[in-house]
Amino acid sequence: MLLDLFLCFVQVGLFSIGGGYAAMPMIQAKAVEHYHWLTMGEFTDLMTIAEMTPGPLGLNCATFAGIHAAGLPAAVAANLGALSPTLTLCAAAALFFERFKRNRRMEQLLTGVRPACVGMIAGVMVSLSLTNYRAAAGGVSLPAVGIGLLDLY
């Protein structure tokens, strides 16, 4: 399980460009849907706690997911996994910073990634909002309370 947590959060660290909120769809997909370390309700609670706790959101999520899955060693493995890609890329970027500093294609690439990050964050907001709404409604389906459009979830 420690290796699974490490590799899971290496993927999260590698492919969730845009910060902690952009990482949430991948953390949800891996921890809730693929590995079943958390339920959707537990993931929502994890998000709430991670936002309230000081520190980077993605690392807080890795810590809490690891602790929930298998205790402190798992939290360390998840954090090392989440940090490994960033530290590796930053070290490589520092070596080549001068070379890429004025590269027009790199600027265009980073400009193109921004809208994708906004879309991923919006998707997580909708997913978490609907989960919280249904939990607050006591599991009542949305059309029964008069909000038919939201039942597309």
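Residues numbered from 1 in each chain as written. Predicted model: local features only at pLDDT ≥ 70, side-chain atom pairs only at ≥ 80, totals over all residues. Heavy atoms only, no water.

A. Representation of the overall build of the protein in the model. For the protein, the helix and strand inventory stands at six helices and zero strands. Counting only residues that meet the buried cut, the protein has 29% of its 153 residues in that class. For the protein, the share of sequence-separated contacts (at least 6 apart) that also reach a separation of at least 24 residues comes to 50%. Summing over all exposed atoms, the protein offers an accessible surface of approximately 9,300 Å²; the carbon and sulfur share of this is 68%. (Helix = DSSP H or I, 4+ residues; strand = E, 2+ residues; numbered from the N terminus. Buried < 20%, exposed > 50% of the residue type's maximum accessible area, 1.4 Å probe, protein only. Contact = heavy atoms within 4.5 Å. Areas by Shrake-Rupley, 256 points an atom, 1.4 Å probe, with all protein chains shown as cover.)

B. Summary view of the side chain of Asn79. Looking at the element boundaries, Asn79 is found in helix 5 (residues 72–100). Accessibility expressed as a relative area gives 16% for Asn79, which makes it buried. Only 2.7 Å separates the side chain of Asn79 from the side chain of Thr63, close enough to count as a polar contact. (Polar contact = N/O pair within 3.5 Å; in protein donor to acceptor, adjacent residues only side chain to side chain.)

C. Spotlight on the environment of Ala75. Turning to its location among the elements, Ala75 is positioned in helix 5. The class of Ala75 is buried, set by a relative accessible area of 3%. For the pair formed by Ala75 and Thr63, sequence separation is twelve residues and the distance between their alpha carbons is 4.6 Å. The contact partners of Ala75, leaving out residues within four places of it in the chain, are Ala62, Thr63, Gly66 and Ile67.

D. Local environment of helix 4 (residues 57–70). In this model, helix 4 (14 residues) spans 20 Å end to end at C-alpha, consistent with the 20 Å of a helix rising 1.5 Å per residue. Along helix 4, the residues classified as buried are Leu57, Gly58, Asn60, Cys61, Ala62, Ala65 and Gly66. Just downstream of helix 4, Gly71 is the residue with a positive phi angle, here 85°. (Expected span 1.5 Å × (residues − 1).)

E. Spotlight on the nonpolar core. Phe9, Met24, Ile27, Leu38, Phe43, Met47 and Cys61 are the most contacted members of the largest nonpolar core, which totals 25 residues. Secondary-structure elements contributing two or more residues to this core are helix 1 (2–15), helix 2 (20–34), helix 3 (40–52), helix 4, helix 5 and helix 6 (104–136). Non-local contacts of Met47, meaning those with residues more than four positions away in its chain, are made with Met24, Leu57, Cys61 and Leu128. (Core = buried A, V, L, I, M, F, W, Y, C linked by side-chain atoms within 4.5 Å.)

F. Spotlight on unusual backbone geometry. In this structure, His36 is a non-glycine residue whose phi angle is positive, near 60°. Its location among the elements puts His36 in the loop between helix 2 and helix 3.

G. Expanded view of the confidence of the model for the protein. Here the protein averages 81 in pLDDT, and 86% of its residues register 70 or above. This model gives residues 142–153 a pLDDT under 50, and the stretch forms 16 contacts once residues within four places in sequence are excluded. (pLDDT = per-residue confidence, 0-100.)

H. Spatial organisation of the packing of helix 2 against helix 3. Between helix 2 and helix 3, the least distance of the axes is 11 Å, while the angle of their chain directions is 145°. Seen along the crossing, helix 2 lies across helix 3 with a hand that is right-handed. Facing Tyr21, Met24, Ile27, Gln28 and Val32 of helix 2, the residues of helix 3 in contact are Met40, Phe43, Met47 and Glu51. Partitioned by chemical class, the residues of the contact of helix 2 with helix 3 number seven nonpolar, one polar and one charged. (Axes fitted to C-alpha atoms, helices over the stretch in contact; angles between N-to-C directions. Left-handed = near helix turned anticlockwise from the far one by under 90°. Nonpolar A, V, L, I, M, F, W, Y, C, P; charged D, E, K, R; others polar.)

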